[in-house]
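Here is what each chain is made of, one letter per residue.
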Amino acid sequence: MDIPGLGSVIEDVDGRYRGEPVTVPALGGGTCSLMIDGYDDDPAKEEFHAAIAAFLSIDESVLTAALAIFDYYQDIASEVTDGSMPVSISHPDQVWAHIRPVEVTVARDSFRDRHVYVVVECDCDWEPEHGLQIVVQAGRQVTKVGPYDGHFTNAAAFHRDDLEGVIYHRW
């Protein structure tokens, strides 16, 4: 099967589709495979196509502009009082040296707002257990940053409508 923007994809055992590795400018020009979740049963597949195309056209400034990643680091660092913090980061520009993208998934929020999101799951040096999740609505705008929890927004993650539009919210 072909998905516009990705080309030929293969289905995995969970019913998700994986494309061949593509160059992702937003991730510093590195390559990765995009996973597509919930595509077959979706009535508006063109929204997946648009989110994929948008995400593959943005540059890394969209993700690096999310200063909330540094806020996440600072919150974790403030909790480590025994000197065992594995890394010391003093400026937001330094966080990207400690982040490694692992998987990119495109999926629709079927429980709340029905938007299509691109979720970038990352390993990060300051939080090896929960990692880092960067969520990009429609492939264009960062809407959530924090530990990987599978939610597309903080409003959904914390079941609080007052967090709608909040990019980072401390646990």
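Keep in mind it's a predicted model, so treat the numbers as computed, not measured.

Reading guide: rules and limits
Residues numbered from 1 in each chain as written. Predicted model: local features only at pLDDT ≥ 70, side-chain atom pairs only at ≥ 80, totals over all residues. Heavy atoms only, no water. Helix = DSSP H or I, 4+ residues; strand = E, 2+ residues; numbered from the N terminus. Buried < 20%, exposed > 50% of the residue type's maximum accessible area, 1.4 Å probe, protein only. Contact = heavy atoms within 4.5 Å. Expected span 1.5 Å × (residues − 1). Core = buried A, V, L, I, M, F, W, Y, C linked by side-chain atoms within 4.5 Å.

Engineer: When you look at unusual backbone geometry in this model, what are you seeing that I'm missing?
Structural biologist: Note on backbone geometry: most residues besides glycine have negative phi, and most peptide bonds are trans. A positive phi angle is found at Ala138, which is not glycine, with a value near 55°. Position of Ala138 relative to the elements: it lies in the loop between β9 (132-137) and β10 (141-146). The class of Ala138 is partly exposed, set by a relative accessible area of 26%. Positive phi is not limited to glycine here, since His159 has a value of about 55°. Overall, His159 belongs to the exposed group, its relative accessible area being 69%.

Engineer: What's the story with the side chain of Lys144 in this structure? I'm lost.
Structural biologist: Summarising the element assignment, Lys144 is placed in strand β10. Ignoring any residue separated from it by four or fewer positions in sequence, one finds Lys144 in contact with Gln133, Ile134, Val135, Asp149, His151, Phe152, Thr153, Asn154, Ala157 and Ile167.

Engineer: I'm lost on helix α1 (residues 45-57) in this one. Help?
Structural biologist: Along its 13 residues, α1 runs 19 Å from first to last C-alpha, staying within 8% of the 18 Å computed at 1.5 Å per residue. Among all positions of α1, only Phe48, Ala51, Ile52, Ala54, Phe55 and Leu56 are buried. Check the buried side of α1 and you find it contacts β1 (2-3), β4 (22-24), β6 (34-37), β7 (99-108), β8 (116-124) and β9.

Engineer: Help me understand the nonpolar core in this model?
Structural biologist: The tendency in soluble globular proteins is for nonpolar side chains to be buried as a group. By size, the foremost hydrophobic cluster in this structure holds 44 residues, and its most contacted members are Val24, Leu34, Ile36, Phe55, Trp126, Leu132 and Ile134. Of all elements in the fold, only β4, β6, α1, α3 (68-79), β7, β8, β9 and β10 reach the threshold of two or more residues within this core. In terms of residue count, the dominant contributor to this core is α3 (6 residues). Among residues more than four places away in sequence, those in contact with Ile134 are Leu63, Ile69, Trp96, Val118, Val119, Val120, Cys122, Val142, Lys144 and Val145.

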